[in-house]
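# Descriptive analysis of the structure
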Amino acid sequence: MELLKALGMPFQMGSLLFVALSSLLLALVLAVGAGSIPTQLIGLLAILLLMVWLTQFAFALIDDAANGVAETSAATAEMLSPIADPRCWVHPFLIAVTGGVLFFNPGIPLWPALAAAVVLFPASIGAIAISGRARDALNPVAMANVARGLGGYYALAVLWIGLCAVAAFIVNGSGMWSVLRIASLELLLLLVYAFIGGAVYLRRLDLGFEPKVSPERTEERLAQGRLQERQRMIDGLYRDVRVREPTRAIATVNQWLAAAAPTDLRSEVLAILAAGASWSEPRGFAQLLRGVIPQLLELRQLPLAFAAAEAGMGANPAFAPGAEPEAIALIRYAQATGRKRTAATLLANFMTSIAGKSEPGSELLALRDRLRDAPVSSK
């Protein structure tokens with residue numbers, strides 16, 4: 001689909017307007033034809049400027065396609081400058097040199113030379129599209145990297161260029177109206193550039209190319225935004241803890257965790273635990289964690305709930321879960337993971353917290369008996 005989008009760029013309104021205007025101007029200049037020497041010189045200059053405009057627009061198109069930009073850049077007056085983008089001179093110059101060599105050396109086979117040019121063109125144009133440097137058009141290392149990075153798309157690009165070249169040969173030899181003929185040739189050229197640009201975008205990771213617009217960049221921006229939002233949330237938690245507003249802090253962090261993606265939940269919890277460990281309000285931090293544990297258990301994140309309990313005991317040695325089901329779940333997890341000392345500490349802290357308030361249930365008492373009979377490790 002991305003490649004089809006790139007191939008559709010020459011047919012966007014901005015591109016079609018450019019093709020219509022430039023082909024009309026070029027047809028008018030060619031129609032003037034012979035005349036006085038000054039007229040011929042002016043005509044050649046006009047043709048040169050129009051060719052510069054076309055090649056600069058083609059490079060703007062390949063840059064947009066390679067960078068994942070959806071809209072084709074508009075043709076501007078700056079593109080008429082022959083020094084605006086040195087890349088636009090490279091391949092016309094190479095074509096002129098190749099044509100001159102073939103003309104003055106008729107013994108050189110024509111079709112093999114043209115076939116070699118078609119095969120090398122995607123690597124050459126891709127190299128300068130990626131680096132932005134005109135000299136890379138003949139850099140064998142850069143061209144080899146492009147050919148290797150494009151993989152199977154390189155063969156498709158060569159085939160596509162061959163098809164466009166055949167179509168251009170047919171169009172040029174047809175008897176259609178000159179403006180339409182020139183417009184068709186320009187569109188075929190833009191389709192070649194669009195295909196190569198689209199292929200570079202599709203194989204950006206293999207080419208080591210970072211486009212302006214890509215899912216990777218979008219994900220990176222979202223991740224950066226998420227980190228900034230998380231830091232603001234953590235700063236807000238610290239302020240609430242300092243002013244003795246634990247209820248508001250607990251509500252804030254539970255809402256944050258509920259909105260987090262399952263794949264991000266672990267990193268979010270660990271970030272909160274790491275930040276809270278440095279706060280100057282350890283008891284307030286432990287109180288916050290006591291309110292977070294039920295949310296984590298509800299989300300079926302027992303390991304993270306246990307990590308919160310351990311952080312709570314680190315902040316306040318007397319830390320205990322807020323309810324008996326939470327205490328049972330955490331103590332059992334500690335037992336199952338071989339942390340019997342932590343399990344015993346959690347049990348003792350919870351028993352102390354409910355002393356004189358409520359009686360422990362049978363399940364909790366059974367856990368106490370098992371812990372009392374079992375040897376306690378160093379964990």
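The sections below set out a description of the structure shown in this document. These numbers were taken from a predicted model, which means no experiment stands behind them. (Residues numbered from 1 in each chain as written. Predicted model: local features only at pLDDT ≥ 70, side-chain atom pairs only at ≥ 80, totals over all residues. Heavy atoms only, no water.)

### Some words on the side chain of Ser184
Our working rule: In this description a helix means any DSSP run of H or I spanning at least four residues, a strand means any run of E spanning at least two, and both kinds are numbered starting from the N terminus. In what follows, a contact means two residues having at least one pair of non-hydrogen atoms within 4.5 Å.
In this fold, Ser184 is placed in helix H8 (residues 178–202). For Ser184, the contacting residues outside a window of four places in its chain are Val171 and Met176.

### Quick look at the packing of helix H15 (residues 324–336) against helix H16 (residues 340–354)
Inclusion rule: An axis is simply a line fitted to the C-alpha atoms; with a helix, the fit covers only the stretch in contact. Between two such axes, the angle follows the N-to-C directions and lies from 0 to 180 degrees. By the definition adopted for this analysis, an angle is roughly parallel if under 35 degrees, roughly antiparallel if over 145, roughly perpendicular if from 65 to 115, and oblique otherwise. Working rule for handedness: look at the near helix, and if it is turned counterclockwise from the far one by less than a right angle, call the crossing left-handed; if clockwise, right-handed. Gly is placed with the polar residues, together with every amino acid not listed as nonpolar (Ala, Val, Leu, Ile, Met, Phe, Trp, Tyr, Cys and Pro) or charged (Asp, Glu, Lys and Arg).
Running from N to C, H15 and H16 cross one another at 165°; their axes reach a closest spacing of 7 Å. What the angle tells us is that H15 and H16 run roughly antiparallel. In this structure, the crossing between H15 and H16 has a hand that is left-handed. Of H16, the residues touching H15 (which contributes Glu324, Ala327, Leu330, Ile331, Ala334 and Gln335) are Lys340, Ala343, Leu346, Leu347 and Phe350. Of the residues in the contact of H15 with H16, the class split is eight nonpolar, one polar and two charged.

### Some words on the packing of aromatic side chains
So the rule is basically this: Paired rings are identified among Phe, Tyr and Trp, the last through its six-membered ring, by centres lying within 6.5 Å, and are further divided according to the angle between planes into stacked (under 30 degrees), edge-to-face (over 60) and tilted (the rest). Classification of residues uses two cut-offs on accessible area relative to the type maximum, computed with a 1.4 Å probe and protein chains only: under 20% is buried, over 50% is exposed, and between them is partly exposed.
Evaluation of the coordinates by the stated rule reveals eight aromatic pairs. Summarising the aromatic geometry, the rings of Phe121 and Tyr193 are spaced 6.2 Å apart at their centres and angled 70° between planes, so their arrangement reads as edge-to-face. With Phe121 in helix H5 (residues 110–131) and Tyr193 in helix H8, this residue pair connects regions lying 72 residues apart in the sequence. The two residues Phe121 and Tyr193 agree in class, both being buried. Relative to Trp279, the ring of Tyr238 has its centre 5.4 Å away and its plane inclined at 40°; by these criteria the two rings are tilted. Placement of the pair is Tyr238 in helix H10 (residues 215–242) and Trp279 in the loop between helix H12 (265–276) and helix H13 (282–298), with a sequence separation of 41 residues.

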